[in-house]
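Architecture at a glance
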Amino acid sequence: DIGIIIYNNPVTTQVLLNANDLVRIQQVPTVCGTKMIGADISLYMNCLRKTEIPHFPLEQMWGISHIVGGNGVMASFIYAFPGFMMRWWKAISTRDDGKALAMQHDCSRILEQLVLPLIVAEGYNEIAATKAVVDAAGFLTAGPPRKPFRAVPAERIAKLREDLRAQFPEFLEV
């Protein structure tokens, strides 16, 4: 059997699965967890309370989720900012909750100030924006997204790199 992780993504499905939905879904023997998008702590807490499967948040809630009993994360930031993510994991795993939450806020700021504008204001999809951030950070080369998605142009990635260096240098430390 192949394990299935349910991607609770109302942006693409137009359906937000709640804890009661996941109680039913977890009865499928191959379902082994969920990937939770967004930063709805109430939804996350209800899912933890009512189900027995793991729920993996995105970067926006990693620090908070671990404090309340979550375990794990689904994060593209590991490819873009490996040093930051390892330092964040150290803070989380050693229960340095103050530092973990401060890093949570840093993560939210970079998403709000640099990533979301690519999606909301400039019209790139999440895949293109994620690949642009990975390329701008420079640890790995993600390259353009596959068709039919529009790639972020090289000059915009260069601007993103400048913004990262100027506004979020701690994300680029190894």
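Preceding block: the structure.
One structure accompanies this document, and this report is about it. No experiment lies behind these values; they were computed from the predicted model shown.

Attention now goes to helix α6 (residues 82-93). Within an α-helix, residues lying three or four positions from one another point in the same direction, as the helix has 3.6 residues per turn. In this model α6 runs 16 Å from its N-terminal to its C-terminal C-alpha over 12 residues, within 8% of the 16 Å that 1.5 Å per residue would give. If you check which residues of α6 are buried, you get Gly83, Phe84, Met85, Trp88, Ala91 and Ile92. The secondary structure elements touched by the buried residues of α6 are α4 (62-67), α5 (77-80) and α7 (97-120). Phi for Arg95, located one or two positions after α6, is positive at around 60 degrees.

Using a probe with the size of a water molecule, rolled over the atoms, empty space left in the structure can be pinpointed. Enumeration over the complete set of coordinates arrives at 1 cavity of 30 Å³ or more. Of the pockets and cavities examined, the largest cavity occupies roughly 40 Å³. Lining the largest cavity we find Met36, Ile37, Gly38, Ala39, Asp40, Leu43, Tyr44, Pro57 and Met61.

For the rest of this paragraph, the subject is the nonpolar core. Formed by 33 residues in total, the largest nonpolar core has its most connected members in Phe77, Phe81, Trp88 and Ile110. Ranked by the residues each element gives to this core, the list is headed by α7, at 8 residues. Dropping the residues within four chain positions of it, Trp88 is found in contact with Glu59, Trp62, Gly63, Ala100, Met103, Gln104 and Cys107. Counting 11 residues, the second-largest nonpolar core is a separate cluster that includes Leu17, Met36, Ile53 and Met61.

Our next topic: the sheet that holds strand β1 (residues 4-8). Pairing in this open sheet of 3 strands is parallel, and the strands run β1-β2-β3 from one edge to the other. The strands lining the two open edges of the sheet, one partner per strand, are β1 and β3 (55-57). Mean inter-strand twist for the sheet, computed between neighbouring axes without regard to direction, equals 25 degrees. Its contacts with the sheet place helix α3 (residues 41-50) against β1, β2 (31-36) and β3, and it is angled at close to 160 degrees to β3.

On the surface, Ile78, Tyr79, Met86, Phe139, Leu140 and Val174 cluster together into a nonpolar patch covering about 620 Å² of accessible area. Examined against the element boundaries, Leu140 turns out to sit in the loop between α8 (126-137) and α9 (154-167).

Moving on, we come to the packing of aromatic side chains. Enumeration over the complete set of coordinates arrives at 8 aromatic pairs. Pairing Trp62 with Trp89 gives two aromatic rings, centres 5.8 Å apart and planes at 5 degrees, and the pair type is stacked. Here Trp62 is found in helix α4, whereas its partner Trp89 is found in helix α6, with 27 residues between them in sequence. Judged by relative accessible area, which is 6%, Trp62 ranks as buried. Ring centres of Phe77 and Phe81 lie 5.1 Å apart, and the angle between their planes is 85 degrees; this geometry places the pair in the edge-to-face category. Overall, Phe81 belongs to the buried group, its relative accessible area being 0%. Put simply, the rings of Trp62, Phe77, Phe81, Phe84, Trp88, Trp89, Phe168 and Phe171 pair up and form one aromatic cluster. Between Lys35 and the ring centre of Tyr7, over which it is positioned, the NZ or CZ distance is 4.4 Å. The ring of Tyr124 has Arg150 sitting right over it, with the charged end atom 3.9 Å from the ring centre.

So, how was this worked out
- Within each chain, residues carry numbers counting from 1 in the order of the written sequence.
- Given that this is a predicted model, residues contribute local features only at a pLDDT of at least 70 and side-chain atom pairs are listed and counted only at 80 or more, while totals for whole chains, interfaces and linings are drawn from all residues.
- As a rule here, side-chain values cover all heavy atoms of the structure and leave hydrogens and water aside.
- A run of H or I in DSSP becomes a helix once it reaches four residues, and a run of E becomes a strand once it reaches two; helices and strands are each numbered from the N terminus.
- Given a helix with a known number of residues, its expected span is that number minus one, times 1.5 Å.
- For every residue, the accessible area obtained with a 1.4 Å probe (protein chains only) is divided by the maximum for its type, and the residue is called buried under 20%, exposed over 50%, and partly exposed between those limits.
- Contact definition: two residues touch when any of their heavy atoms are within 4.5 Å.
- Think of a 1 Å grid over the protein atoms and nothing else: a 1.4 Å probe that fits but is trapped marks a cavity, an open set flanked by protein within 12 Å on at least five of seven lines marks a pocket, and residues with an atom within 4 Å of a point count as lining.
- Grid points are joined across faces, edges and corners, and a volume is the space filled by probe spheres set on the points.
- By nonpolar core is meant a set of buried Ala, Val, Leu, Ile, Met, Phe, Trp, Tyr and Cys residues that side-chain atoms within 4.5 Å join together.
- At least two bridges found by DSSP between two strands are what make those strands a pair.
- For helices, the fitted line uses only the C-alpha atoms of the stretch in contact; every axis is such a line through C-alpha atoms, and the angle between N-to-C directions lies from 0 to 180 degrees.
- Within this analysis, patches are made of residues with over 30% relative accessible area and no salt bridge. Like charges are joined at 9 Å or less; nonpolar side chains (Val, Leu, Ile, Met, Phe, Trp, Tyr) at 5 Å or less.
- Calculation of accessible area relied on Shrake-Rupley with a 1.4 Å probe; when residues are assessed, cover is drawn exclusively from the protein chains displayed.
- Salt bridges are counted wherever a side-chain nitrogen of Lys or Arg sits within 4 Å of a carboxyl oxygen of Asp or Glu.
- To pair, rings of Phe, Tyr and Trp, with the six-membered ring standing in for Trp, must have centres within 6.5 Å; the planes then decide the type, stacked if under 30 degrees apart, edge-to-face if over 60, and tilted in the middle.
- The rule for a charge over a ring is simple: NZ of Lys or CZ of Arg within 6 Å of the ring centre, and within 35 degrees of the ring normal.

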